[in-house]
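These are the residues of each chain, in order.
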Amino acid sequence: MFNEIDFSKIDTGITPPQDDTERQYYYMAKLAEMVALRERELGRRITYCLQTFGCQMNEKQSEVVAGIMDEIGFKRQETEDADVVIYNTCTVRENANLKVYGRLGKLHSLKKSNPDMKIALFGCMMQEKQVVDKIQKDYPFVNLVFGTHNIFKFAELFYEMENLDSQLIDIWEGTDKIVEELPTERNYSFKSGVNIMFGCNNFCSYCIVPYVRGRERSREPEAIVKEIEALVADGVTEVMLLGQNVNSYGKTLKDPVTFAQLLEKVEQIEGLKRIRFMTSHPKDISDELIDVMAASKHICHALHLPVQHGSNRILQSMNRRYTREKYLERVEAIRAKVPDISLTTDLIVGYPGETEEEFEETCSLVERVGYDSAFTFIYSPRVGTRAADMPDQIPESVSSRRIQKLIALQKEITHKRYAKYIGQVHNVLVEEASRRDENQMAGKNEYNITVNFPGDKSLVGQIVKVKITSAGESTLRGERVD
């Protein structure tokens, strides 16, 4: 539907439509008129800078905001000396918040020299009341603040902001809305993320996500398939199905569909060569899903399966709803059906009350599973979560020592895992040329590992065969073969 819209023919003199999608088209048309007029007055293009912090869900939502800005008529640039600066924020860890506050300090200086600059903040960080209170008090020069639930309203909010002299704040506590058919400016022409669901129902004791993303709500499978078919028609060969817990997809639909059943539908899309997905919750990895992965010709043999910790007592305190033994059983079930699966994980060190023995349980689990790689984090208290109020918070010096040991252990395991790939021929989706050497190309293999090899830019977007010749700490190297 969106690709068929001629915004120049939308009547902007009428009352805004009530339908959510048509209403946003209306405001996009009004803003396009406004931008065109301003550009004629200034004699130059009007620019915007969009910076994204956080996860791939944020990246996907930023693509929608970028698509709207492009449709309106703004020109995107990388630097923040633009007419409009937009931050898509993350709040999973305190450092993410501090980074945004630091950038706002720099923007304040830029705005002093360009009073007409507009600054907009959205995303997870904005769903926290104490953050919004701080922005109102300490950063009154920010023009627009909105959260995660009303991103689809961006055009309307932007128009309202343009007609206000004061700060505009529009935060929703939650929503059941899923608004389709909005413009998107993809980061890559040949691959794309596709949201299949929003929100999370798990409420892990350390995690702020359910509070800022809301409860689970799944898109209809027909809408997902239609979007992917349109992407494939536009040159996309790989899709990443996105959700906070994709394994619980479909439970909120009127006619429930399992994630495995959705994958089977996506598998049938002609022209689609690769399917990835994340993130998977270990408690919801079903035999049905494993069987679909094993039988598929297009699902990549890479699975991100966050364990978080190796101690049953800590897992229970985290409200993860599985045991160490259950997690290991699921790993064995996956490897029995998909022997070459590349497993990656998330690990938290320094959770409240974690003893030295419990930390060692995490280390022993990492050794037993043998992950290709792991994302390791020092526990970060988030206001509003249960773990933030727990006693026995671990001193930073202890957490730092533990995480350094865990990183060293995983580094050794990764080295051994990657060495096993030497001599194998992998299918690599070429993504880009090296910044340091344009004759060196980089792409992802079917195990979601970056592979570097000699080549030229004409290969970007193609899937090529590469024989692995050596392994680094986080990447593989190879030579292209016919």
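Let me begin by describing the structure that accompanies this report. (Residues numbered from 1 in each chain as written. Predicted model: local features only at pLDDT ≥ 70, side-chain atom pairs only at ≥ 80, totals over all residues. Heavy atoms only, no water.)

### Focus: the overall build of the protein chain
Applicable threshold: A run of H or I in DSSP becomes a helix once it reaches four residues, and a run of E becomes a strand once it reaches two; helices and strands are each numbered from the N terminus. We compute the radius of gyration from the C-alpha atoms alone; for a globule the expected value is 2.2 Å times N to the 0.38, where N is the number of residues. Throughout this description, buried means an accessible area under 20% of the type-specific maximum (1.4 Å probe, protein chains only), exposed means over 50%, and partly exposed covers the range between.
Along the backbone of the protein chain there are 13 helices and 19 strands. At 23 Å, the protein chain has a C-alpha radius of gyration in line with the 23 Å of a compact globule built from 482 residues. Reported as C-alpha extents along the three principal axes, the dimensions of the protein chain are approximately 65 × 60 × 50 Å. Here the protein chain, with 482 residues, has 54% of them falling under the buried criterion.

### Quick word on the packing of aromatic side chains
Which entries qualify depends on this criterion: Aromatic contacts are taken between Phe, Tyr and Trp rings whose centres are within 6.5 Å, Trp giving its six-membered ring; a plane angle under 30 degrees counts as stacked, one over 60 as edge-to-face, and the others as tilted. Comment: the charge-over-ring label is applied if NZ (Lys) or CZ (Arg) is within 6 Å of the ring centre and within 35 degrees of the ring normal.
Counted under the stated rule, the structure contains 18 aromatic pairs. Pairing Tyr27 with Tyr159 gives two aromatic rings, centres 5.4 Å apart and planes at 50°, and the pair type is tilted. On the criterion of sequence distance, the pair formed by Tyr27 in helix H1 (residues 20-42) and Tyr159 in helix H5 (residues 154-162) is long-range, its members being 132 residues apart. You can call Tyr27 buried: its relative accessible area is 10%. Consider the rings of Tyr418 and Tyr421, whose centres lie 6.2 Å apart with planes at 55°: the pair is tilted. Among the aromatic residues, ring-to-ring pairing joins Tyr48, Phe74, Phe122, Phe146, Phe154 and Phe158 into one connected group. One cation-aromatic arrangement involves Lys134 over Tyr101; the distance from NZ or CZ to the ring centre is 5.1 Å. The lysine or arginine in question, Lys191, covers the ring of Tyr188, its NZ or CZ lying 4.6 Å from the ring centre.

### A short note on the pattern of salt bridges
This is how it is decided: For this analysis, a salt bridge means a side-chain nitrogen from Lys or Arg found within 4 Å of a carboxyl oxygen belonging to Asp or Glu.
Scanning all chains against the criterion turns up 35 salt bridges. With its nearest N and O atoms 3.3 Å apart, the salt bridge here joins Arg45 to Glu39. The residue Asp291 makes a salt bridge to Lys337 at a minimum N-O spacing of 2.5 Å. Placement of the pair is Asp291 in helix H9 (residues 287-295) and Lys337 in helix H11 (residues 324-337), with a sequence separation of 46 residues. On the basis of relative accessible area, Asp291 is assigned to the partly exposed category, the value being 36%. What makes Lys337 partly exposed here is its relative accessible area of 46%.

In short, the description is geometric, and any link to function would need to be established separately.
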